Amino acid sequence: MDQRKAQHQNAMPAELGFRMPAEWEPHAATWLGWPHERTDWPGKMQAIEWVYGEMIRKIGAGERVRLCVNSPKDARRAREVIRLSGGNLHQVDFLPFPTNRGWMRDSGPIHVTHPNGEKAIVHCHFNAWAKYPNWKKDRRIPELAARKYRRRLFHARANGRPFVIEGGGIEVNGRGTLLTTLECYQHPTIQVRNPGLSREGYETAFKQYLGVTNVVWLAAGPVGDDTHGHIDDICRFVNPTTVVLIKENNPKDINYKPLAENWERIQDMRLEDGSRPEVIALPMPAPLYFGKDRLPASYANFYISNHYVLVPTFNDPNDRVALGILGELFKDRQVVGIHAVDLVLGYGTLHCLTQQEPA
């Protein structure tokens, strides 16, 4: 009996029947981290707080918001902004979970679910994209979440070491297929999360911990992406058999060639059942800069909440085009734009800031 119990405790999530649901499946909550790291948005922090207020107002209309705050002062400020933005404070859990930067997509709790209704958390050992030194508080968020909500915590490992990925580096359809990029997880020298781990090693870990059966690798993301190729700026599932893929139509743009390679690769993509997905083009906005730095503005960085699809907009003519495309694809939710010109100064927008908790 003790031996069987030990074997069960050491089993991988997939062996036990857990899987990572798709983002459009029902949520219990959305996780956010109240903004405080001023170097992410130089000179723009007050504007960013009001973007959060609008996000929380929309998300809170259909689910709880679990908001990590660094201090009582931050909690008071968050309450004020949410109240003045018209949000429902009764829908917000203010969690005293300190963060370094608070990009919840990457450091927040990645949930997997079991057919019996159990929710568990996979700890993917965030290390600030293998780029920045300040990550130790962010890395603790999955542990704090598991402890508070009494959830099983799986510590992901590969080749005998902690397995490091971020939520923005993976995209699932909830049926068995996962999307990621070679630029992010297979570059030999830049932002290497798991030194020495092969493509096959990544695929094994994805299957063991997230319950997928099929892994698809695209090439690269837009210039300026601080994460070095996160899939959530490139290609997203909108239902189990359909993806949207960003496309740059200007041959003179620096993004034209890398994004065109994704279009070549996706012609060979197969879903978990061997079928081809439907692929729909999302436009790119005109280039945005901060000084000389190109920013990774992308309409693919939308977030699917229970009631709304929140889409980053950039004061660009293609805002309307992107909203129209996504509006046709999400008939069961309102598709709304959230101004993201200030937000993208942090090298990410709406999807990067959010992490869904399945119902």
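All of these numbers come straight from a predicted model, not from anything done at the bench.

So, how was this worked out
- Residues numbered from 1 in each chain as written.
- Predicted model: local features only at pLDDT ≥ 70, side-chain atom pairs only at ≥ 80, totals over all residues.
- Heavy atoms only, no water.
- Axes fitted to C-alpha atoms, helices over the stretch in contact; angles between N-to-C directions.
- Helix = DSSP H or I, 4+ residues; strand = E, 2+ residues; numbered from the N terminus.
- Parallel < 35°, antiparallel > 145°, perpendicular 65-115°, else oblique.
- Left-handed = near helix turned anticlockwise from the far one by under 90°.
- Contact = heavy atoms within 4.5 Å.
- Nonpolar A, V, L, I, M, F, W, Y, C, P; charged D, E, K, R; others polar.
- Pairing = 2+ DSSP bridges.
- Core = buried A, V, L, I, M, F, W, Y, C linked by side-chain atoms within 4.5 Å.
- Buried < 20%, exposed > 50% of the residue type's maximum accessible area, 1.4 Å probe, protein only.
- pLDDT = per-residue confidence, 0-100.
- Expected span 1.5 Å × (residues − 1).
- Right-handed = clockwise from strand over helix to strand, strands pointing away.
- Lys, Arg positive; Asp, Glu negative; His and termini not counted.
- Salt bridge = Lys/Arg side-chain N within 4 Å of Asp/Glu carboxyl O.
- Polar contact = N/O pair within 3.5 Å; in protein donor to acceptor, adjacent residues only side chain to side chain.

Bringing the packing of helix 2 (residues 45–59) against helix 3 (residues 72–84) into the picture now. Put simply, helix 2 and helix 3 touch, their axes get as near as 8 Å, and they point 60° apart. Relative to helix 3, helix 2 is oriented oblique. Every pair of crossing elements has a handedness; the one defined by helix 2 and helix 3 is right-handed. Taken together, the residues of helix 3 that come into contact with helix 2 (itself represented by Gln46, Glu49, Trp50, Gly53 and Ile56) are Arg77, Val81, Ile82 and Leu84. Across the contact of helix 2 with helix 3, the residue classes tally to five nonpolar, two polar and two charged.

With that out of the way, let us pick up the sheet that holds strand 18 (residues 308–313). Neighbouring strands of a sheet are bound in pairs by backbone hydrogen bonds; such pairs are parallel or else antiparallel. Read across the open sheet, the three strands follow the order 17-18-19; overall the sheet is mixed. Two strands in the sheet have a free side with no partner beyond their single neighbour: strand 17 (303–304) and strand 19 (334–339). As paired strands, strand 18 and strand 19 are joined by six bridges and run parallel to one another. Among the inter-strand pairings, valine 311 is bridged to a residue of strand 19, identified as glycine 337. Contacting strand 18 and strand 19, helix 11 (residues 318–329) crosses the sheet at an angle of about 155° to strand 19.

What follows covers the nonpolar core. Soluble globular proteins tend to bury their nonpolar side chains together. One finds Trp41, Leu67, Cys235, Leu282 and Phe302 to be the most contacted residues of the largest nonpolar core, which totals 69 residues. A per-element tally of this core places helix 2 first, with seven residues. Within the second largest apolar cluster, 28 residues are counted, among which are Val172, Tyr202, Ala205 and Trp217.

The next subject is the side chain of serine 107. Position of serine 107 relative to the elements: it lies in helix 4 (residues 104–107). Once residues within four sequence positions are removed from consideration, serine 107 is found in contact with Phe126, Asp138, Ile141 and Pro142.

Burial runs high along strand 5 (residues 119–123): five of the five residues are buried. Neither face of strand 5 is left uncovered, since the one carrying Lys119, Ile121 and His123 and the one carrying Ala120 and Val122 both have all their residues buried. Summarising the sheet, strand 4 (residues 110–113) and strand 5 pair through four bridges and their orientation is antiparallel. Bridging across to strand 5, histidine 111 finds its partner in isoleucine 121. Here four bridges tie strand 5 to strand 6 (residues 152–155), and the two strands are oriented parallel to one another. Note that in strand 6 the partner of isoleucine 121 across the bridge is leucine 153.

The next point concerns helix 7 (residues 141–149). Taken as a whole, helix 7 has its buried residues at Ile141, Pro142, Leu144, Ala145 and Ala146. Looking at the buried side of helix 7, the elements it contacts are strand 1 (27–33), strand 2 (64–68), helix 4, strand 5, helix 6 (136–139) and strand 6. Immediately beyond the C-terminal end of helix 7, within one or two residues, lies arginine 150, with a positive phi of roughly 55°.

Before going further, it helps to spend a moment on the sheet that holds strand 3 (residues 92–95). Spatial strand order, 3-2-1-20: four strands in an open sheet with mixed pairing. This sheet does not close on itself; its edge strands, each paired only once, are strand 3 and strand 20 (355–358). Here the strands of the sheet are splayed against their neighbours by 25° on average, with no regard to which way each runs. Pairing analysis gives four bridges linking strand 1 to strand 20, with the strands arranged antiparallel. Within the sheet, the bridge partner assigned to histidine 27 lies in strand 20 and is proline 358. Helix 2 contacts strand 1, strand 2 and strand 3 of the sheet and is inclined by roughly 175° relative to strand 1. This element, helix 7, spans strand 1, strand 2 and strand 3 of the sheet and lies at about 115° to strand 3.

Our focus in this paragraph is the confidence of the model for the chain. With 97% of its residues at a pLDDT of at least 70, the chain reaches an overall mean of 96. When mean pLDDT is compared element by element in the chain, strand 17 scores highest at 99, while helix 1 (residues 2–10) scores lowest at 51.

Attention shifts here to helix 9 (residues 199–210). Its twelve residues give helix 9 an end-to-end C-alpha distance of 16 Å, which sits within 8% of 16 Å, the value for a rise of 1.5 Å per residue. Those residues of helix 9 that sit buried are Gly201, Tyr202, Glu203, Ala205, Phe206, Tyr209 and Leu210. Just downstream of helix 9, glycine 211 is the residue with a positive phi angle, here 75°.

On to the pairing of strand 1. With six of seven residues buried, strand 1 is to be regarded as a mostly interior element. Of the pairings in the sheet, the one linking strand 1 to strand 2 comprises five bridges and is parallel in character. Bridge pairing links alanine 29 to arginine 64 in strand 2. Handedness of the crossover joining strand 1 and strand 2 through helix 2 is recorded here as right-handed.

With that out of the way, let us pick up the side chain of aspartate 225. For aspartate 225, the location among the structural elements is in the loop between strand 11 (214–218) and strand 12 (235–239). Of the side chains bearing the opposite charge, arginine 193 lies closest to the buried aspartate 225, which forms no salt bridge; the N-O distance is 7.4 Å. Only 2.7 Å separates the side chain of aspartate 225 from the side chain of threonine 227, close enough to count as a polar contact. Each residue touching aspartate 225, except ones within four places of it in the same chain, is listed here: His230, Asp233 and Pro296.

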